[in-house]
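Structure assessment
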Amino acid sequence: MSDDNGLWLLALGPTGAAALYWAIYRYYRNTDKSHAFERETEVVAKPVTGSDRKIDEVKGTQRTRIDGDNLRAYRQRVTRIRGDDG
Amino acid sequence: MSTPHRPAPPPLPPVPPVSGPGSPQEVPPLPGTFPVDPATLPDAIREEIEAPDPVALDTAAAELKDGLNRCPKCGATDIRHKPGSDVLVCLYCRNEWVGARVEEEFGLGEGLDQLRGTVIASGARAIDADVASLMTFKCTGCGAEVMVNTESTMTARCHWCRHVFGVNEQIANGAVPDAVLPFRIKKDDAVARIRQFVDKRRLFALKAFKDEFSPENVVGVYLPYMIVDGNASAELAGKGEILTRTYTRGTDKNKKTYYDADVYQVERAVDFTVDDLPLESSRERGNLDVKVNTQNIINTILPFDTKNAVKWNASYLSGFTSEKRDTDVEQLRPRLEDQLLSIARAQVEGSVHRYDRGVRWEQERLDVHGTRWVSMYLPVWLYSYHQPGKNGGLLHYIAVNGRTGETMGSVPVQQWKLLLTALTVGTFLEGIALWIIWAGA
Ligand SMILES: [Zn+2]
Ligand SMILES: [Zn+2]
């Protein structure tokens, strides 16, 4: 933004309208609903194991989160490694 | 600064995406959440959203059809399912009984972590394409021969003596399920729940839908599912970031915030078992593309108390319709693996909380050590409404879980009315924005 006059406030109308449209649309059509099997299935898990290794540093980024954060996007698939055997 | 102009009306995306935000591919929102603070909405909308859910009715028995099969005590065929329970009643001798629970009968609850390979119950075997769907049965009531089209139905009535009989073990090849979970929610209760659901969504509902709305037309349907137990290991690899410093740069008028972070290579592994994961085993029902259908509504009312399922007995089907399974274990395996990976991702989330700037998983690996598949009929009350439109329109469902009463639906929207309201609210907000800017100038 190149100004300090609060002109960003002009976005209030369009974003407010779009947010309301989508909120009500989903309230009626429920396109975003599905069986939440991640939290509704009976899962018994052994303790999680793993490793953490520092490999790099980031300096002076303006991002508030890591690029491509998918920690909570459980259903978003990433590269699948296929081994010969379990 | 010159006087700001009122911007053009906001572009409103007309169709929700197939995948990503707003689709069933996204982890669904928690129940009862609404993305906009209702307090900021006009009264009529707020009241509709905040209206309490009235308690649904649970009235006395409605009439059900004749029974089928034979009473284990007296041999009479006049058997019916006692509504609201899992019990079968013999109308001749009043004997009551419940089919054996498959959980104990097949030992389904045990040894999940010992599962190896693929265990397939007899009813979950691959469907033999050679089997003709038209079958002839000899009526056990009067001896007449009756033809049944098993493509469309799993129960039939003898034209001569009105004895109802079921397509029990007569059909081999996996077309008959292993187990059935009887309806517990009665029709009146389902009607009441559907009415409540729609009552809370009237303001912007399609006028034709409201005019034609008649929840009494709800039908009880047994839908085919595969209930899967699994024993698996998953491994994940990716990057995580931990914040080390936050600072601002720039002049007073142009301040920007910057972050420093440490980057880690993160690896996680977890061994786990899942118990009774339900997968739609009808191709159509399993297609959750919200752009072309509303099957995600039926998916949403999962799960069921599948532990209470009883051994397949066609007696439970009288008075209801049923759909047949048309996918086999091998065709469902990719969906199972996808869900196991999602579950693994959810399981490890708690172990990476130290990465306060989040984690980007880049690789995942799944080893399925063993699975057990049971084919089951699950009870659903379905109210459907066909919305005319291009490409044959859209079939909207309102579904009630026949055991838990969980209700979900898709109500067609009167687009122009919703757009007009959104634009009106947007214009009002814009007015406030302009006033603030004007006052601050
Ligand atoms: Zn009897
Ligand atoms: Zn007969």
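Look up: the structure comes first, before these words.
A brief look at the structure comes next. Since this is a predicted model, take the numbers as computed values, not measurements.

**Description of helix α3 (residues 187-199) of chain B**
- Over its 13 residues, α3(B) runs 18 Å from end to end, which matches the ideal 18 Å to within 8%, given 1.5 Å per residue.
- Those residues of α3(B) not exposed but buried are Asp189(B), Ala190(B), Val191(B), Ala192(B), Ile194(B), Gln196(B), Phe197(B) and Val198(B).

**A short note on a nonpolar patch on the surface**
All names here are of chain B.
- Taken together, the side chains of Phe428, Ile432, Trp435, Ile436 and Trp438 define a hydrophobic patch exposed on the protein surface, amounting to about 620 Å² of accessible area.
- Tracing the backbone through its elements, the reader meets Ile436 in helix α7 (residues 415-440).
- With relative accessibility at 36%, the residue Ile436 sits in the partly exposed group.

**With respect to the sheet that holds strand β2 (residues 88-90) of chain B**
- Reading across from one edge, β1-β2-β3 (chain B) is the order of the three strands in this open sheet, with antiparallel pairing throughout. At either margin of the open sheet sits one strand with a lone partner, and together these are β1 (79-81) and β3 (96-97) of chain B.

**Topic: the layout of surface pockets**
- Considering only enclosed or pocket space, the largest pocket measures out at about 940 Å³ in volume.
- Lining the largest pocket are 35 residues, with Lys33(A), Pro31(B), Gly32(B), Arg201(B) and Met408(B) positioned closest to its centre.
- Looking at the lining of the largest pocket residue by residue, the class counts come to 15 nonpolar, nine polar and 11 charged.

**As for the nonpolar core**
- Of all hydrophobic cores here, the largest spans 76 residues; its most connected members are Tyr28(A), Val180(B), Phe209(B), Tyr222(B), Leu378(B) and Trp381(B).
- Excluding residues within four positions of it along the chain, Val180(B) makes contact with Tyr222(B), Ala309(B), Val310(B), Lys311(B), Trp312(B), Asn313(B), Tyr316(B), Leu317(B), Met376(B) and Tyr377(B).
- Ala232(B), Ile242(B), Tyr264(B) and Tyr355(B) belong to the second largest nonpolar core, which has 30 residues in total.

**Let's talk about the environment of Gln114(B)**
- In this fold, Gln114(B) is placed in the loop between α2 (102-105) and β4 (117-120).
- Remark: the alpha-carbon pair of Gln114(B) and Gly370(B), spanning 256 residues in sequence, is separated by 7.9 Å.

Conventions adopted
- Residues numbered from 1 in each chain as written.
- Chains lettered and ligands numbered in written order.
- Predicted model: local features only at pLDDT ≥ 70, side-chain atom pairs only at ≥ 80, totals over all residues.
- Heavy atoms only, no water.
- Helix = DSSP H or I, 4+ residues; strand = E, 2+ residues; numbered from the N terminus.
- Expected span 1.5 Å × (residues − 1).
- Buried < 20%, exposed > 50% of the residue type's maximum accessible area, 1.4 Å probe, protein only.
- Patch = residues over 30% accessible without salt bridge, like charges linked within 9 Å, V, L, I, M, F, W, Y side chains within 5 Å.
- Areas by Shrake-Rupley, 256 points an atom, 1.4 Å probe, with all protein chains shown as cover.
- Salt bridge = Lys/Arg side-chain N within 4 Å of Asp/Glu carboxyl O.
- Pairing = 2+ DSSP bridges.
- 1 Å grid on protein atoms, 1.4 Å probe; cavity = no way out; pocket = protein on both sides within 12 Å on 5 of 7 lines; lining within 4 Å.
- Points joined across faces, edges and corners; volume = space filled by probe spheres on them.
- Nonpolar A, V, L, I, M, F, W, Y, C, P; charged D, E, K, R; others polar.
- Core = buried A, V, L, I, M, F, W, Y, C linked by side-chain atoms within 4.5 Å.
- Contact = heavy atoms within 4.5 Å.

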